[in-house]
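If you want the building blocks of each chain, they are given just below.
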Amino acid sequence: MSEIIFLSDVRLSFPHLAEPQKQVNEQTGATRISYNAEFIMPQNHAGFQQFMQRYGAMALEKWKEHAQTVMGMIQNDRKTRCYGVGTEKVNKKTFKPYDGYADAGAVFITAGRDSAPQMIQADGSPVDPANTMAYQQLARKMYGGCRVNAAVKPWLQDNKHGRGIRCDLIAVQFCKDDTPFGEGSVDASSLFGAVAGGAPAGFGAVAPAMPAAPFAGLPSFLGGQ
């Protein structure tokens, strides 16, 4: 279990937990499915310090005397590492860091996996993977900006696609609410007034009976983040 890093009380960002994210390779056209998220924390967070120590130990074991050189190359290429400082996460439309990333000393870790990670309930027990409804209910409770506990597992990439540091997402647990990232929900009620002849607030008008359908067997259509 020493390979697993526990991130306690960190902010969740860009979560793809209830439904996987689909990414298409522009060169091959292949589709990759991933459950993933980013976790924001201060640089002195115990979990981040443990992550960096683990990364250094793995790099030394694998690349021996070349470890520092390879780690330097990875540090200089954002696409080859699963961690970074908050100011690196810049919105391409506003040219400013995304919400939560601009906080002084903020760092982040990106983690993901092809299959759904464990969802941990408030009492510390995992949700039964076969209970899809319970899993979805808990996963959808986790929004960008809330605080979570997470278990991640760093690993080194060294293949034909290059060298890098990646992170598997093992498990997530909702910790507590915090300010949602982005605009959040918008209250537009002040734009509306009472409708003449409308039902009083809190009371629903009874809909008139619909006439019988001219023929049976009408199809129903269901619409489907």
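Presented here is an overview of the structure given in this document. The shown structure was predicted, so the numbers you read here are calculated from the model rather than taken from an experiment. (Residues numbered from 1 in each chain as written. Predicted model: local features only at pLDDT ≥ 70, side-chain atom pairs only at ≥ 80, totals over all residues. Heavy atoms only, no water.)

With that out of the way, let us pick up the packing of aromatic side chains. One pass over the structure, following the stated rule, counts 7 aromatic pairs. With a centroid separation of 6.3 Å and an interplanar angle of 25 degrees, the aromatic rings of Phe48 and Phe51 are classed as stacked. Of this pair, Phe48 and Phe51 both sit in helix α1 (residues 46-63), 3 residues apart, which is roughly one turn of the helix. Pair check on accessibility: Phe48 and Phe51 agree, each one buried. With 6.5 Å between their ring centres and 65 degrees between their planes, Tyr98 and Tyr101 make a pair best called edge-to-face. Accessibility expressed as a relative area gives 28% for Tyr98, which makes it partly exposed. Here the aromatic cluster, defined as three or more aromatic residues joined through ring pairs, consists of Phe14, Tyr98, Tyr101 and Phe108. A cation over a ring is seen here: Arg81 above Tyr83, with NZ or CZ 5.5 Å from the ring centre. The side chain of Lys89 reaches across the aromatic face of Phe108, ending 5.8 Å from its centre. (Phe/Tyr/Trp six-rings, centres within 6.5 Å; stacked < 30°, edge-to-face > 60°. Helix = DSSP H or I, 4+ residues; strand = E, 2+ residues; numbered from the N terminus. Buried < 20%, exposed > 50% of the residue type's maximum accessible area, 1.4 Å probe, protein only. Lys NZ or Arg CZ within 6 Å of the ring centre and 35° of its normal.)

For the rest of this paragraph, the subject is the environment of Glu65. Its place among the elements puts Glu65 in the loop between α1 and α2 (67-75). Polar contacts involving the side chain of Glu65 include one to the side chain of His66, which spans 3.4 Å. (Polar contact = N/O pair within 3.5 Å; in protein donor to acceptor, adjacent residues only side chain to side chain.)

Once that is clear, we can look at the pattern of salt bridges. Counting across every chain of the model gives 11 salt bridges. Its salt-bridge partner being Arg54, residue Glu3 comes within 3.7 Å of it at the nearest N-O pair. Highlighted residues: Glu3 in the segment before β1 (5-24) and Arg54 in helix α1, separated in sequence by 51 residues. When its relative accessible area of 35% is taken as the criterion, Glu3 is described as partly exposed. (Salt bridge = Lys/Arg side-chain N within 4 Å of Asp/Glu carboxyl O.)

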